[in-house]
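Coordinate analysis (summary)
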Amino acid sequence: MEKKEKIGLVVEGGGMKCAYNAGILDVFLDHQITFDYCIGVSGGAGNVASFVAGQRGRNIRFFTEHIHSPQYFGVKSLLKTGNLFGLQYIYGDLTNTTGKDPLDFPAIMKNPAEYEVAATNAVTGEAEYFGKEDMKQDDYRPIMASSAIPAACRPVVINGVPYYDGGISDAIPVRRALEKGCDRIVVILSKQRDYVRKPQGMRFLYSTLCRKYPKIIEDIDRRHITYRENLQEVFDLEKRGKHLSLRPAST
């Protein structure tokens, strides 16, 4: 009997640009398109959670409705939590069982698809991956960690270890999908094909705010290089016919 191919889904982050992948994920739900393995990074991590839960329309509400709350982003969130982005509000207050827009966590656990998020270990600067087995109902710290932008957010602590945004160490984790046994991969990117990431500006700011974590500063310093390497992996898979990428025509 011929072995069934394992199909993976990789979803890049990108802040408000994740509204793009939110729409695509809803179309997948509309057409009952499923995957054996799903991984998201940063804002893509939360969007993939709603997709795996089968909650059509939930992601779009975070970009069109919930974003207007001062607790979502801004000075009020910064003064109250130390985070410019209200990670506890987004992935806690809104997302928990008693929240305004709860995540159907039992549906995630029932879904046979593997689900992972990428985060960056603040001590080592290396990418680490959390599965749904690392989450609990109303405790979505792995998703928060994947979205904790250095300098704009405090690190999220899991099992005593601080973590930052997965995008600084593995923005497009196709290699992880291959390691997990995927034969073919669909990648949803947040930027157009010819996008070139420039070296990060405001180095004094992030090097000061992240001074406790020198490896994170190193990651940010070379993020434009890491991102180029991520994209090259995507392009290499395209040439081999093992990958389909979806990306905006312009951003």
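For the structure, see preceding data.
These remarks concern the structure in this document. (Residues numbered from 1 in each chain as written. Predicted model: local features only at pLDDT ≥ 70, side-chain atom pairs only at ≥ 80, totals over all residues. Heavy atoms only, no water.)

**Side note on the overall build of the chain**
Counted only if it meets this: Only DSSP runs of H or I with at least four residues qualify as helices, and only runs of E with at least two residues qualify as strands; both kinds are numbered from the N terminus onward. We take the radius of gyration over the C-alpha atoms and set the globule estimate at 2.2 Å times the residue count to the 0.38 power. The classification of residues rests on relative accessible area computed with a 1.4 Å probe and restricted to protein chains. Under 20% of the type maximum is buried, over 50% is exposed, and intermediate values are partly exposed. Accessibility throughout is a Shrake-Rupley quantity obtained with a 1.4 Å probe, and a residue counts as covered only by protein chains that appear here. When charges are counted, Lys and Arg contribute as positive and Asp and Glu as negative, whereas His and the chain ends are disregarded. Charge positions are represented by NZ for Lys, CZ for Arg, CG for Asp and CD for Glu.
Counting its regular elements, the chain contains eleven helices and eight strands. Its C-alpha atoms give the chain a radius of gyration of 17 Å, within 12% of the compact-globule value 18 Å for 251 residues. On the principal axes, the C-alpha backbone points of the chain span a range of 60 × 40 × 35 Å. Sorting the 251 residues of the chain into buried and exposed places 52% on the buried side. Surface summary for the chain: the accessible area is close to 12,300 Å², and the carbon and sulfur share equals 55%. The averaged location of the 30 negative side-chain charges in the chain is 4 Å from the averaged location of its 34 positive side-chain charges.

**A look at the nonpolar core**
To keep it simple, the criterion reads: The definition of a nonpolar core used throughout is a set of buried Ala, Val, Leu, Ile, Met, Phe, Trp, Tyr and Cys residues joined through side-chain atoms within 4.5 Å. Here, residues are in contact when the closest pair of their heavy atoms is within 4.5 Å.
Ranked by internal contacts, the top residues of the largest apolar core, which has 49 residues, are Leu9, Phe28, Phe51, Ile108, Tyr115, Ile143 and Ile216. Here the element with the most residues in this core is helix α2 (residues 43–53); it accounts for six residues. Once residues within four sequence positions are removed from consideration, Phe51 is found in contact with Leu9, Leu25, Phe28, Leu29, Ile33, Phe35 and Cys38. Of all hydrophobic cores here, the second largest spans 16 residues; its members include Tyr37, Ile172, Leu231 and Phe235.

**Some thoughts on helix α10 (residues 214–221)**
Filter applied, for reference: Along the arc lie the directions from the helix axis toward the C-beta atoms.
Among the residues making up α10, those that are buried are Ile216, Ile217, Asp219 and Ile220. Down the axis of α10, the buried side of the element spans an arc of 160°, and every buried residue falls inside it. Taken together, the buried residues of α10 touch β3 (114–121), β6 (161–165), α9 (203–209) and α11 (223–239).

**Remarks on helix α1 (residues 18–30)**
As a reminder of what qualifies: The length a helix should cover is 1.5 Å for every residue beyond the first.
Between its first and last C-alpha, α1 extends 19 Å over 13 residues, near the 18 Å set by a 1.5 Å rise per residue. On the buried face of α1, the contacting elements are β1 (7–11), α2, α3 (58–64), β7 (184–188) and β8 (243–246). Of the residues trailing α1, Gln32 is marked for its positive phi of about 55°.

**Considering the side chain of Ser77**
To keep it simple, the criterion reads: Identification of polar contacts relies on pairs of N or O atoms within 3.5 Å, with a donor-acceptor requirement for protein atoms, meaning one able to donate a hydrogen and the other able to accept it, and with residues adjacent in sequence counted only if both atoms are side-chain atoms.
Position of Ser77 among the secondary structure elements: in helix α4 (residues 75–81). Among the polar contacts listed, one links the side chain of Ser77 to the backbone nitrogen of Gly86, at a separation of 3.4 Å. Each residue touching Ser77, except ones within four places of it in the same chain, is listed here: Pro70, Gln71, Gly82, Asn83, Leu84, Phe85 and Gly86.

**Re the packing of α1 against α2**
Definition in use: Inter-axis angles, ranging from 0 to 180 degrees, are taken between N-to-C directions of lines fitted to C-alpha atoms, where helices are fitted over the stretch in contact. To sort the angles, those under 35 degrees are grouped as roughly parallel, those over 145 as roughly antiparallel, those from 65 to 115 as roughly perpendicular, and the leftovers as oblique. Each crossing is labelled by how the near helix is turned from the far one, with a counterclockwise turn of less than a right angle marking it left-handed and a clockwise turn marking it right-handed. Under the scheme applied, nonpolar residues are Ala, Val, Leu, Ile, Met, Phe, Trp, Tyr, Cys and Pro; charged residues are Asp, Glu, Lys and Arg; polar residues are all the others, including Gly.
Packing of α1 against α2 brings their axes to within 10 Å, and their N-to-C directions diverge by 15°. With respect to their mutual orientation, α1 and α2 come out roughly parallel. Crossing angle aside, the handedness with which α1 passes α2 is right-handed. Here Cys18, Asn21, Ala22, Leu25, Phe28 and Leu29 of α1 lie close against α2, whose contacting residues are Gly43, Gly44, Asn47, Val48 and Phe51. In terms of residue class, the contact of α1 with α2 is built from seven nonpolar, four polar and no charged.

**What to know about the pairing of β8**
This is how it is decided: Only when DSSP finds a minimum of two bridges between them are two strands counted as paired.
Side chains of β8 alternate between two faces, with His243 and Ser245 buried and Leu244 and Leu246 left unburied. Where β7 and β8 come together, four bridges link them in parallel fashion. Each bridged residue has a counterpart across the sheet, and for Ile185 the counterpart in β8 is His243.

**Details of the pairing of strand β2 (residues 37–41)**
The criterion, for reference: When the strands point away from the viewer and the connection leading from the first strand across the helix to the second strand turns clockwise, the crossover is called right-handed.
Judged by how many residues are buried, β2 sits mostly within the fold: five of five residues are covered. Burial of β2 is two-sided: the residues Tyr37, Ile39 and Val41 facing one way and the residues Cys38 and Gly40 facing the other way are all buried. Here β1 pairs with β2 via four bridges, running parallel. Bridge pairing in β2 links Val10 to Ile39. Of the crossover connections in this fold, the one passing from β1 over α1 to the parallel β2 is right-handed. Taken together, the five bridges between β2 and β3 define a ladder with parallel strand orientation. Bridge pairing links Gly40 to Val117 in β3.

Coordinates in, geometry out; function isn't part of it.
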